[in-house]
Amino acid sequence: MTNNIITLVGNPRARSRTHRAALQAAQAIADRIENAALGETIDLAALAPELPTASSAAVESALDLVTAADVLVAASPTYKGTYTGLLKTFLDRLPGYALTRTIAVPLLVMGDAKHALAVETHFRPLLVELGAHVPTPGIVLLESQLPDAEQLLDAWADRAAPQIAALLTASAPTPAFEG
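Please read all numbers here as calculations on a predicted model, not as lab measurements.

Chemist: Break down the pattern of salt bridges for me, with residues and values.
Modeler: Between side chains of opposite charge, a pair can form when the charged atoms approach closely. For the structure shown, the criterion picks out seven salt bridges. Arg17 is the partner of Glu143 in a salt bridge, and the nearest nitrogen-oxygen pair spans 3.5 Å. Residue Glu143 is found in the loop between strand E5 (139-142) and helix H6 (149-171), and its partner Arg17 is found in helix H1 (residues 17-32); the two are separated by 126 residues along the sequence. Judged by relative accessible area, which is 36%, Glu143 ranks as partly exposed. Arg32 serves as the salt-bridge partner of Asp158, at 2.6 Å between the closest nitrogen and oxygen. Linking Asp158 in helix H6 with Arg32 in helix H1, this pair joins segments that are 126 residues apart in sequence. Under the relative-accessibility criterion, Arg32 is labelled partly exposed at 30%. What you see here is one network of salt bridges that share partners, running through Arg32, Asp154 and Asp158.

Chemist: Describe in detail the packing of aromatic side chains, supporting the description with residues and values.
Modeler: Taken as a whole and judged by the stated rule, the model has one aromatic pair. Ring geometry for Tyr83 against Phe123: centres 5.5 Å apart, planes inclined by 45°, an arrangement best described as tilted. Here the residue Tyr83 occupies a position in the loop between strand E3 (71-77) and helix H4 (85-91), and Phe123 occupies one in helix H5 (residues 118-129), the gap between them amounting to 40 residues. The residues Tyr83 and Phe123 share a single accessibility class, namely buried.

Chemist: Report on the sheet that holds E3, specifying residues and quantitative values.
Modeler: In any sheet, the strands associate via hydrogen bonds between backbone groups, in a parallel or an antiparallel arrangement. A sheet is described by the order of its strands in space; here five strands give the open sequence E2-E1-E3-E4-E5, paired in parallel fashion. Either end of the sheet is taken by a strand with one partner, and the two such strands are strand E2 (36-43) and E5. Sheet twist, expressed as the average angle between the axes of neighbouring strands with direction ignored, equals 20°. Note that strand E1 (residues 3-9) and E2 share six bridges and pair parallel. Counterpart to Asn4 in the pairing with E2 is Ala37.

About the criteria used
Residues numbered from 1 in each chain as written. Predicted model: local features only at pLDDT ≥ 70, side-chain atom pairs only at ≥ 80, totals over all residues. Heavy atoms only, no water. Salt bridge = Lys/Arg side-chain N within 4 Å of Asp/Glu carboxyl O. Helix = DSSP H or I, 4+ residues; strand = E, 2+ residues; numbered from the N terminus. Buried < 20%, exposed > 50% of the residue type's maximum accessible area, 1.4 Å probe, protein only. Phe/Tyr/Trp six-rings, centres within 6.5 Å; stacked < 30°, edge-to-face > 60°. Pairing = 2+ DSSP bridges. Axes fitted to C-alpha atoms, helices over the stretch in contact; angles between N-to-C directions.

Below you can see the structure in the form of structure tokens.
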């Protein structure tokens, strides 16, 4: 069974630095977990005009991808000391406990280290409120660290992947006994 890693990017600018860092984090996880595969990337900048509408096939498809993820890398730049309103607007479309079968990895990109606690005090609780399992500390990347993001994320994944893998194994369906 393949574990699907979905990447969700809450930056209002398409193909942003946050987008690139999120893909690097997802790849670092996939490289370290047996039977893990990168799935779709949802760049909310492309969905922004459709988010306020009552019905949008593209938004519904993105919500389905997020709720079907085994691992969700959710990334945002830090705005006003927390994640973007765009990301919050998207996640508010999910019903309560929609992520109960999902392992989430929050990632924030920020200009100033004084916002470093935002990933744990604001972003993690949002994902947990939706039912996600968040087994590792969230990822904080300063804009000044982005040129070295791949190395930083590799070091993070070396520590975090065993915890993620253990949860994936624990939540995998057990084959029925055939006797």
